[in-house]
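An overview of the molecular structure
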Amino acid sequence: MNVILVGLGGAIGAALRFFLSNGATYPVLVILAINVAGAFALGVVSSMVSGQARLFVGTGMLGGFTTYSALAVDTVELLQDNAAWGLAYAVGSVVLGVGAAWLGLKAGRVGAERRTTSHTSEAG
């Protein structure tokens, strides 16, 4: 069952990435935005969701949505065209992605704490 959840989620994420990047004027920037947004979303999901929901959304959808391979190929192509742009893209992608993941984890923890506090005060 878990492999089906991951596969279905991955198909949705990959299709969404294709939809957003296909025909884009600047596909490299679209992939950068997708990877940063996906890092943030995975941070939120990782801190708020577990079990099969995390497999479907985190591993599946967000794993299919974001793509390291596109980052790697885009970086090499940019490096070949313009070393400064290629280096800026590679460093920027890592820094923005890590920053977005950190913010996502923080946001998810705040959301989880609020949810817990809200359920506790309702029960009391």
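Residues numbered from 1 in each chain as written. Predicted model: local features only at pLDDT ≥ 70, side-chain atom pairs only at ≥ 80, totals over all residues. Heavy atoms only, no water.

Within an unreviewed UniProt entry, the label attached to the protein reads Fluoride-specific ion channel FluC, and the organism entered is Trueperella bernardiae. Its UniProt record gives the protein the following Subcellular location (unreviewed entry) comment, quoted word for word: "Cell membrane". (UniProt positions renumbered as here; feature names shortened; annotations may be inferred.)

**A short note on the nonpolar core**
Among the nonpolar cores identified, the biggest contains eight residues, and these are Ile31, Leu32, Ile34, Val45, Leu62, Phe65, Leu71 and Tyr89. When contributions to this core are tallied by element, the ones reaching two or more residues are α2 (27–48) and α3 (51–65). In terms of residues, this core owes the most to one element, α2, which gives four residues. Leaving out residues up to four positions away in the same chain, leucine 71 has contacts with Ile31, Asn35, Tyr89 and Ser93. (Core = buried A, V, L, I, M, F, W, Y, C linked by side-chain atoms within 4.5 Å. Buried < 20%, exposed > 50% of the residue type's maximum accessible area, 1.4 Å probe, protein only. Helix = DSSP H or I, 4+ residues; strand = E, 2+ residues; numbered from the N terminus. Contact = heavy atoms within 4.5 Å.)

**What to know about the environment of valine 57**
If you trace the backbone, valine 57 turns up in helix α3. Assessed through its relative accessible area of 27%, valine 57 is described here as partly exposed. On a C-alpha basis, the gap between valine 57 and alanine 14 in space is 12 Å, while along the polypeptide they are 43 residues apart. When residues no more than four places from it in sequence are discounted, the contact partners of valine 57 are Val45 and Leu62.

**Concerning the UniProt feature "binding site: Na(+)" (unreviewed entry) in the protein**
Under the UniProt annotation, "binding site: Na(+)" (unreviewed entry) lies at Gly63 and Thr66. The topology assignment puts glycine 63 in helix α3. Tracing the backbone through its elements, the reader meets threonine 66 in the loop between α3 and α4 (68–81). Classification of threonine 66 as partly exposed rests on a relative accessible area of 21%.

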